[in-house]
Amino acid sequence: LDFQARNAVNASEGALLPEGSIFEMGGRKYRKNSDVSLADSATSDLGVASLEPAFDAHYEHYGADGTGVTDSTAHLRRMVTWAMENKRWHDWGDGTEFLVSGRLWTNFVTNSADFKMRGGSVSITVDSSATTFDYLFYMESTAGANAIIDVAFLDVNGQERAASCFWLRHHGSWEGVA
């Protein structure tokens, strides 16, 4: 099989592989996991269930547009959610631009959680016609939680704003995280 491109034909072929198989599609490694629903699949935009990143999550696993032309909100939400649920990094690439129209991650956790974001120079633009929302990432925790933002430069709407795009509430205390 030739998995050079990330497309529906290749994703469908990958979903037919034996459980736990790891394969490369479009330069990214995926794992066959039958427990992954279509809604949560890295390839849901291609209409294929049962595929997840083999290791850490990269925006390309989820089909997000790193050029800033197309709204990537749903793709990025799936990436961040999968990474948080599997205690993995979510990688935003380098020299990437993303257009979003809503919060990328909201969660209320009762156990220990780590928000681990990695990338080089990342720019996020909020669609001016989007419904108003306050933060791109929001986490409320009753247990230990950490935010690790390992990004060389994070720009939101033209301003370096790592601290103001992420809020963490822990046992009733609020703080921005840089």
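Treat the numbers as computed from the prediction; the structure is a model and nothing was measured.

K.L.:
Give a detailed account of the overall build of the protein chain, specifying residues and quantitative values.
P.N.:
Counting secondary structure elements, the protein chain contains 2 helices and 14 strands. Burial status across the protein chain gives 44% buried among its 178 residues. Looking at the protein chain alone, contacts between residues at least 24 apart form 63% of all its contacts between residues at least 6 apart. Summed over all atoms, the accessible surface of the protein chain reaches about 8,500 Å², with 47% contributed by carbon and sulfur.

K.L.:
Please provide a residue-by-residue account of the pairing of strand β1 (residues 22-25), values included.
P.N.:
Here β1 shows a buried face lined by Phe23 and Met25 and an unburied face lined by Ile22 and Glu24. What sits between β1 and strand β2 (residues 28-32) in their antiparallel hairpin is a turn of 2 residues, with Gly26 showing a positive phi close to 60 degrees.

K.L.:
Describe the sheet that holds β2, listing the residues and the values that go with them.
P.N.:
The strand order across the open sheet formed by 3 strands is β1-β2-β3, and the pairing between neighbours is antiparallel. The open sheet is flanked by β1 and β3 (51-53), the only strands paired with a single partner. Strand-to-strand, the axes of this sheet are offset by a mean angle of 45 degrees, without reference to chain direction. Where β1 lies against β2, 4 bridges are found, and the strand directions are antiparallel.

K.L.:
Explain the pattern of salt bridges residue by residue, including any values.
P.N.:
Going through the model one piece at a time under the given rule, you end up with 8 salt bridges. Residues Arg31 and Glu52 are paired through a salt bridge, measuring 3.8 Å at the closest nitrogen-oxygen approach. Pair noted here: Arg31 is in strand β2 and Glu52 is in strand β3, with a separation of 21 residues, a long-range link. With a shortest N-O distance of 3.6 Å, Arg118 and Asp91 are connected by a salt bridge. Separated by 27 residues along the polypeptide, Arg118 in strand β9 (residues 113-126) and Asp91 in strand β6 (residues 90-91) bring together distant segments of the chain. Taking relative accessible area as the criterion, Arg118 reaches 26% and is therefore assigned partly exposed. Through salt bridges with shared partners, a single network forms among Asp56, Arg88, Asp91 and Arg118.

K.L.:
Let's hear about the nonpolar core: which residues, and what values?
P.N.:
One finds Leu76, Met79, Val80, Trp92 and Phe98 to be the most contacted residues of the largest nonpolar core, which totals 29 residues. Elements that contribute at least two residues to this core include exactly α1 (8-15), β1, α2 (73-85), β7 (96-100) and β9. At 6 residues, the largest contribution of residues to this core is made by α2. Other than its neighbours up to four places away in sequence, Phe98 contacts Tyr59, Ala64, Asp65, Gly66, Gly68, Ser72, Leu76, Trp92, Val122, Ser123, Ile124 and Thr125.

K.L.:
Could you give an account of α1, with specific residues and numbers?
P.N.:
An α-helical turn contains 3.6 residues, so a residue and the one three or four places further along point in the same direction. Listed in full, the buried residues belonging to α1 are Asn10, Ala11, Gly14 and Ala15. All buried residues of α1 project into a common sector of 140 degrees when viewed along the axis, lining one side. Its buried side turned inward, α1 meets β1, β2 and β3.

How each quantity is defined
- Per chain, residue numbering runs from 1 following the sequence as it is written.
- Reporting of local features is limited, given that this is a predicted model, to residues whose pLDDT is at least 70; pairs of side-chain atoms are given and counted only at 80 or more, and all residues count toward the totals for whole chains, interfaces and linings.
- Calculated side-chain values reflect all of the structure's heavy atoms, with hydrogen atoms and water omitted.
- For helices the rule is a DSSP run of H or I covering at least 4 residues; for strands it is a run of E covering at least 2, with both sets numbered from the N terminus onward.
- Each residue is placed in one exposure class: buried if its accessible area under a 1.4 Å probe, protein chains only, is under 20% of its type's maximum, exposed if it is over 50%, and partly exposed if it falls in between.
- By definition, residues are in contact when any of their heavy atoms lie within 4.5 Å.
- Exposure was quantified through the Shrake-Rupley algorithm and a 1.4 Å probe, taking into account, for residues, occlusion by the shown protein chains and nothing else.
- Strand pairing follows a simple DSSP-based rule, namely that at least 2 bridges must link the two strands.
- Helix axes use the C-alpha atoms of the stretch in contact, all axes being lines fitted to C-alpha atoms, and the angles between their N-to-C directions lie in the range 0 to 180 degrees.
- When a carboxyl oxygen of Asp or Glu lies within 4 Å of a side-chain nitrogen of Lys or Arg, that pair is called a salt bridge.
- Among buried residues, those of type Ala, Val, Leu, Ile, Met, Phe, Trp, Tyr and Cys that are joined through side-chain atoms within 4.5 Å constitute a nonpolar core.
- Note that the arc is computed from the directions linking the helix axis to the C-beta atoms.

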